[in-house]
Amino acid sequence: MNDHQFILIIFLAAFIIITAVFFLTYRSSLRPEEKSDGIKKPLQKRFYFLIALTIVLVILLSVTIPKSPYFKYSDQTPAKVVFVDAMQYYFFMSEQAIDPAKPSGADSIIIPVGQPVEFRVTSLDVNHGFGIYNSDAQLVTQTQAMPGYVNRLRWKFDTPGTYHILCLEYCGANHPNMRTSFIVK
Amino acid sequence: MSAQSLKKTTATWIIVIMTLFITAIIFGILMRLNQGNDYKMSSPGFYATMTTHGLTMIAIWSVAGMVAINYLLTRYIKVPNSLSVFALVFTVIGAAMLWYATFVGQFHAGWTFLYPLPLVKIAWAKWATPLFFFSLVVLGVGWLVWSVGLLVQILKKYSLKQAFAWQHLSKKEPEVKTPPLILISTVSLIGIILSLIVAVILLALTFAEYYSGGAFVNDSLLMKNLIYFFGHTIANESLYLGLAALYELMPEVSSRPKFKTTWYVALAWNCTMVFILTAFFHHLYMDFVQPLGLQMVGQLASYFASLPAAGVTAFSVFVLVFRNHIKWSLTNVLFFIGIMGWLIGGVGALIDATISNNVALHNTLWVPAHFHTYNAMGNVLFCLAFFYWVANEFSGSQTKTKAQQLKTALLLIGGFGFVLMFYLAGADSVPRRFSNYPAEFKSAPLMATLGAVFATIYLIAILLIFIEILRKCVKAFSAS
Ligand code: HEM
Ligand SMILES: [Cu+2]
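**Q** Please clarify how the site of ligand 1 should be interpreted in this entry.
**A** Residue and element names in this part refer to chain B. Around ligand 1, a shell composed of 25 residues is seen, among which Q35, H53, W111, H372 and R433 lie nearest. Note that a nitrogen atom of ligand 1 is positioned 2.8 Å from one of the side-chain N or O atoms of H372. Residue classes in the shell around ligand 1 are distributed as 15 nonpolar, seven polar and three charged.

**Q** Honestly, the interface of chain B and chain A in this entry has me stumped. Any pointers?
**A** One frequently used descriptor of interface size is the decrease in accessible area upon assembly of the parts. Contact with chain B, which involves 84 residues of that partner, is made by 74 residues of chain A. Between chain B and chain A, a total of about 7,200 Å² is buried, with carbon and sulfur atoms accounting for 69% of that surface. At the surface where chain B touches chain A, the tally comes to four salt bridges. Of the charged contacts, one joins E440(B) and R179(A) as a salt bridge, the two residues approaching to 2.9 Å between their closest N and O atoms. Seen at the junction of chain B and chain A, the total is 36 residue pairs in polar contact (both at pLDDT 80 or more). Sort the elements by how many residues they give to the side of chain B that touches chain A and helix α11 (residues 306-321) of chain B lands first, with 10 residues.

**Q** Before we go on, may I ask you to explain the coordination of the copper ion (ligand 2) in this structure?
**A** For a metal with four donors in a tetrahedral arrangement, the ideal angle between donors is 109.5 degrees, while six donors in an octahedron ideally sit at 90 or 180 degrees. All names here are of chain A. Protein ligation of the copper ion (ligand 2) involves C167 (SG), E169 (O), C171 (SG) and H175 (ND1), the donor distances falling in the range 2.0 to 2.6 Å. Note that the copper ion (ligand 2) binds four donor atoms; their angles at the metal cover 85 to 128 degrees, and the shape is tetrahedral. All donors to the copper ion (ligand 2) come from one chain, and their sequence spacing reads C-x1-E-x1-C-x3-H. Residue classification places C167 among the buried residues on the basis of a relative accessible area of 0%. H175 gets classed as buried once you look at its relative accessible area, which sits at 1%.

**Q** Could you clarify how one ought to interpret the state of the cysteines in this entry?
**A** Residue and element names in this part refer to chain B. Tallied over the full model, the rule gives zero disulfides over all chains. No disulfide involves C383; its sulfur sits 15 Å from that of C473, the nearest cysteine. Note on C383: relative accessible area 1%, which makes it buried.

**Q** How should I be thinking about the coordination of the iron atom of ligand 1 in this particular structure?
**A** All names here are of chain B. Within the first shell, the iron atom of ligand 1 binds the protein through H53 (NE2) and H372 (NE2), at distances of 2.0 Å. The site at the iron atom of ligand 1 holds six donor atoms, and with the angles between them running 87 to 180 degrees, its shape is octahedral. Of this pair, H53 sits in helix α2 (residues 43-73) while H372 is found in helix α14 (residues 366-395), placing the two residues 319 residues apart along the sequence. Neither H53 nor H372 differs from the other in exposure class; each is buried.

Criteria and thresholds
Residues numbered from 1 in each chain as written. Chains lettered and ligands numbered in written order. Predicted model: local features only at pLDDT ≥ 70, side-chain atom pairs only at ≥ 80, totals over all residues. Heavy atoms only, no water. Near = heavy atom within 4 Å. Polar contact = N/O pair within 3.5 Å; in protein donor to acceptor, adjacent residues only side chain to side chain. Nonpolar A, V, L, I, M, F, W, Y, C, P; charged D, E, K, R; others polar. Contact = heavy atoms within 4.5 Å. Buried area = accessible area lost by both parts, 1.4 Å probe. Salt bridge = Lys/Arg side-chain N within 4 Å of Asp/Glu carboxyl O. Helix = DSSP H or I, 4+ residues; strand = E, 2+ residues; numbered from the N terminus. Donors = N, O, S within 2.8 Å, 3.2 Å for Na, K, Ca; no water. Tetrahedral: all angles 85-135°; square planar, octahedral: opposite > 155°, others 65-115°. Buried < 20%, exposed > 50% of the residue type's maximum accessible area, 1.4 Å probe, protein only. Disulfide = S-S within 2.5 Å.

So far we have only geometry, and geometry alone does not tell us how the molecule works.
If you want it as structure tokens, here you go:
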């Protein structure tokens, strides 16, 4: 199961539980007036509910924060650095630094499989996104391309194949067609 | 101020908001049909429609909450009717300017108008950029005057500490009791005012660059922080205004004891105010140059914002309804479903506000999925509940709703079906803000078409409810 499927299942489970709780609560309110007894000790129950929720949130925080992309492979030396300059509606990618006055990119980029690589992503005009999709059209990882700043994205590709870059920040009318690709082998 | 003029202004607001709402839903359906390849728009046309849809929706559902608290606050404080009338005029003019800029001028930088897109390599009529920004100025001035005016009226009766209900934190039965409506309105109005002040700074910086002819250039990261502080805060505070109406009305229409401000209600809303002002950092998770500390604050604030929300508001509604005999009318049904939609959307938001998930979800359809859930199935329903209740007040009778079950069923099926199509596509990595989908997203067009079908069902429910509200308003005012 990949990350996306896991996320969807967690969400759908929560959706079903919340809907069920609301439905049952609604049903419980259809009783006649004289049988209304409400909930006993609501303050105490609320207190326990809040404690339980806090514990769940703290656990989730401590599990997920270390998995943030900022810490990915940060203690390793990348095997390759790829420079990316985004511009309406292209991506220039090169293994050498790109001159913003005369931007140009390599014809094809090849990335070594199983080794950490670093993308240094910036933009020459408006904000763009740098979304890396695998050959099954699943989003692998991403960062933003912001003018005046360089975002460093590290990743290790374990599956060889063609990967597509899609622009993931709305940048104008031709935004859906802004794309490129690279090969992992 | 006479009660009659308050009623007339409120009724006018309802008609303006609902008319704009129905039109904006139709724009939404057309966008979904375009994404499903069932209907063809030009690409700039799609994005002009998207910009109009987004901003119109944000605008009307913030003012809808203001209309509600403005009406209900008159139970506790004096509110000059001129404030609401002033905002109404400015909202209508602002919306007209906005639509002119987008539909005639083809301005299409999206509702977040992310810097520097509106300023560089402009792909629309030259005049549309300043017109768009001036439309925001007009809208902003109307709301700023209104929200500051309401806050001033609150502070004429309550001290600031009392308006924040701080006396409830230390004493069980303080002399001056702060009604929940006052507390929540204060917290939300302050949030709205802060977000509008940031909007003023944002607009000033934008105009400075626009009119400097290239001499002054802004910093993209700072501008992005400002834009999301404004956008996130205004969208969330509007929802709290809807909740303020719920606190005031839900127990009343359910014939249950009024919600009281207790120490935990006071604490929860004070915490909410802090969390909500820092949660916006979650919009910048994918900007790795943002200081790491702010990224962490973003996730912490987003997580803990859910505690007061779920633990106090949702739990209170649960205690109100559970095993109690409730006379259900459309008003409390809408409040009840609204809380459910708000919680479900909240779970979707919490998942996305987790940095390690955000890598997989940022700017996919998961984003419109969750915010449409707590808007279309949350805040909209809170406001509709108020509209329906107030229309009944006008006509003098809380009569039984016609075909209440049918309306509820259409709303539930249409609304949740519509957002579910966004969630499924989002979890399948389909990007948001794509007018058409590249061929590799095989199921995306089908989901878009189904989304349009469900949205049409939702629209039918909205139309039926609006017609009933309209009838009641017309009846009330033609008799008087
Ligand atoms: C059933 C009614 C609605 C329909 C059919 C609808 C449809 C849509 C669609 C198709 C999009 C573009 C999604 C994308 O590809 O990125 C969108 C965006 C949006 N919608 Fe809705 N929507 C509805 C209700 C609402 C409501 C109630 C709100 C209230 C706040 C809202 C606010 C927005 C916003 C802010 C955007 C983002 C615009 C942008 O990206 O610039 N919508 N909607
Ligand atoms: Cu783009």
